[in-house]
Number of protein chains: 2
Amino acid sequence: MANQPKSKHIPCATIQRLATYVQVLENFSRDNVEVISSNPLAEACGVNGSQVRKDLAYFGEFGIRGVGYHVKSLIAAITSSLGVDREWRMALIGVGNLGKAILNHGEFRARGFNIVAIFDCDPFKIGEIVHGLEVHCTRDLKDMVSDLNIEIGIITTPPERAQRAAQHLMDAGITSILNFAPARIKVPERINVEYVDFFHHLYALAFNHPMTR
Amino acid sequence: MANQPKSKHIPCATIQRLATYVQVLENFSRDNVEVISSNPLAEACGVNGSQVRKDLAYFGEFGIRGVGYHVKSLIAAITSSLGVDREWRMALIGVGNLGKAILNHGEFRARGFNIVAIFDCDPFKIGEIVHGLEVHCTRDLKDMVSDLNIEIGIITTPPERAQRAAQHLMDAGITSILNFAPARIKVPERINVEYVDFFHHLYALAFNHPMTR
DNA sequence: TGCTGTGAAGTGCTTCACAGCG
DNA sequence: CGCTGTGAAGCACTTCACAGCA
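Predicted model, so just to flag it, every value in this text is computed and none were measured. Sequence positions are assigned chain by chain, starting from 1 and proceeding in written order. By the order in which they are written, chains take letters starting at A while ligands take numbers starting at 1. Note on the predicted model: pLDDT of at least 70 is required for a residue's local features to be given, and 80 or more for side-chain atom pairs to be given and counted; whole-chain, interface and lining totals, by contrast, use all residues. Side-chain measures were taken over the full set of non-hydrogen atoms in the model, leaving aside hydrogen atoms and water.

(A) Structural view of the protein's contact with DNA strand C. Taken together, 25 residues lie around DNA strand C, and A:Ser38, A:Arg53, A:Gly66, A:Tyr69 and B:Arg17 are the ones closest in. Near residues are defined by distance, with any heavy atom within 4 Å of the molecule or strand qualifying the residue. Backbone sugar and phosphate groups make up 63% of those atoms of DNA strand C lying within 4 Å of the protein. Nitrogen and oxygen atoms within 3.5 Å of one another constitute a polar contact, given that in protein one can donate a hydrogen and the other can accept it, and given that sequence-neighbouring residues count only through two side-chain atoms. The separation between a phosphate oxygen of DNA strand C and a polar main-chain atom of A:Ser38 is 2.7 Å. In this structure, B:Lys54 approaches DNA strand C through a side-chain N or O atom, which is 3.3 Å from a base oxygen. Numbering goes from the N terminus for both helices and strands, where a helix is a DSSP run of H or I of at least four residues and a strand is a run of E of at least two. Mapped by element, the contributors of at least two residues to the surface near DNA strand C are α3 (49-57) of chain A together with α1 (12-30) and α3 (49-57) of chain B. At four residues, the largest contribution of residues to the surface near DNA strand C is made by α3(B). Ten residues, namely Ala, Val, Leu, Ile, Met, Phe, Trp, Tyr, Cys and Pro, are considered nonpolar, four, namely Asp, Glu, Lys and Arg, are considered charged, and the remaining ones, Gly among them, are considered polar. Residue composition of the surface near DNA strand C, by class: eight nonpolar, nine polar and eight charged.

Below is the structure:
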């Protein structure tokens, strides 16, 4: 159905939006919408219709002129283009409150993002079982990463230990890191880091709040 | 110390970076760095030096030529410019796993973002005490928002109930919403919504992973 | 006819380069 | 002399407008 992907540079803003499209398309699919055109999809995502068409065009021609996009095939096309239509195995470092909350979340597994090993440097936590996984010493990280084919690392340590956690992950050959710790980490160019920080969002809300202006 | 702010349009990319600057500056301050110039600060934040200077210039002249920025005053200047140097009172809707994790997080309160009321539409949860707060029926939201001076709403419901939660918040006069539910919500122009979605970040990591390219 | 896919135009953010000041 | 603050240049993303196809 899709042609071969256009080999241009793809803006990272496009990648972010594709994730939104999948989310919204899944809701349409749940409501038994079978076909959708770019404008209503764009409106549901809070963007412009051309934007949607251009974003999709980076990966192929998924639509039917005069009709629109078939919802289910479009979901399949996007997830396949992003590489999220397969299992991804992840390790988590820092089994505190936040780490436990993420382990309990469950939605990760449902989407193919499996946390298969958890680590902490606190000797009192090592050996504890959390959500069916034994807490390991960070020293074991390297061996377990290769044994378990882990590709993504999640950091949920306090900020002062985030850099060391990142170093452990990189030493183990991990190149993709999701960082929940409220700290920037220093990494070489080739390592991908995504930051999740609630306060960034709260700061934006506070700044844009009517009273503040 | 600061001149009056320049009254230009401020890019929202700037606001996001300011949050990062605060985070990084606080780390420098913890390490007893007293003065920093734009280039090392920029490097720690992963951006360009001019960018830092231009971002700060939107709000005033905080630096000393030939010297740099005084770390503590700069933190104060930024937090004051963003309006995050005061208490913000928040309501949370959806006391499930994620909601409870956020209530337990504690870091919110430390930064002046206080969750002062929690709501759920499940009758079995109403009356339950979670982290010192009684779970209320969403019907009580309007009264409690005005009684408790709540300005920000947090949505942690399942996706299918996110829109209704947003409606409750808007009916109560809330104009700032932090949405953790994996769903887009439809709101009028004047309402500010920030989305927190872990999967958006995981999708980006998956797409940029070496094996995928 | 209606909607996609896409070059061209428009817009806004980022980087450069340097004047200006401590 | 060094670093800030800032106009101007550069670059990247977004939007427009329409050709092209079902």
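(B) Representation of the interface of chain A and chain B in the model. Contact criterion: two residues are considered in contact whenever any of their non-hydrogen atoms come within 4.5 Å of each other. Taken together, the contacts link 59 residues of chain A with 60 residues of chain B. Carbon and sulfur atoms make up 70% of the surface buried where chain A meets chain B, a total of about 5,500 Å² over both sides. Once two parts are put together, the accessible area they lose, assessed with a 1.4 Å probe and summed over both, is termed the buried area. Considering only the side of chain A, the residues that lose the most area to chain B are A:Tyr203, A:Leu205 and A:Phe207, jointly responsible for 14% of the buried surface there. Throughout this description, the term salt bridge denotes a Lys or Arg side-chain nitrogen within 4 Å of a carboxyl oxygen of Asp or Glu. The closest approach of N and O atoms between A:Glu43 and B:Lys186, which form a salt bridge, is 3.5 Å. Seen at the junction of chain A and chain B, the total is eleven residue pairs in polar contact (both at pLDDT 80 or more). Of all the elements, helix α9 (residues 198-208) of chain A adds the most residues to the side of chain A that touches chain B, at eleven residues.

(C) A look at the pairing of strand β7 (residues 152-155) of chain A. Residues and elements named next belong to chain A. For every residue, the accessible area obtained with a 1.4 Å probe (protein chains only) is divided by the maximum for its type, and the residue is called buried under 20%, exposed over 50%, and partly exposed between those limits. Residues Ile-152 and Ile-154 of β7 are buried on one face, and the alternating residues Gly-153 and Ile-155, pointing to the opposite face, are buried as well. In this scheme, strands are said to pair when DSSP sees at least two bridges between them. With four bridges joining them, strand β3 (residues 88-93) and β7 adopt parallel strand pairing. Counterpart to Ile-93 in the pairing with β7 is Ile-155. Where β7 and strand β8 (residues 176-179) come together, four bridges link them in parallel fashion.

(D) Representation of the UniProt feature "binding site: NAD(+)" (unreviewed entry) in chain A within the structure. All names here are of chain A. UniProt positions are given in the numbering used here, feature names are shortened, and annotations may be inferred rather than shown by experiment. Within the UniProt annotation, "binding site: NAD(+)" (unreviewed entry) is assigned to Gly-94, Val-95, Gly-96, Asn-97, Leu-98 and Gly-99. Those residues in contact with Gly-94 that lie beyond four places of it in its chain are Gly-99, Phe-119, Asp-120, Thr-156 and Thr-157. Discounting residues that sit within four places of it in the chain, Gly-99 has contacts with Leu-92, Gly-94 and Thr-156.

(E) How the structure looks around unusual backbone geometry. Backbone geometry places A:His131, a non-glycine residue, at a positive phi of 55°. In this fold, A:His131 is placed in the loop between β5 (129-130) and β6 (133-137). Despite not being glycine, B:Asn32 has its phi angle at roughly 65°, a positive value. On the secondary structure map, B:Asn32 appears in the loop between α1 and β1 (35-36). A relative accessible area of 65% places B:Asn32 in the exposed class.

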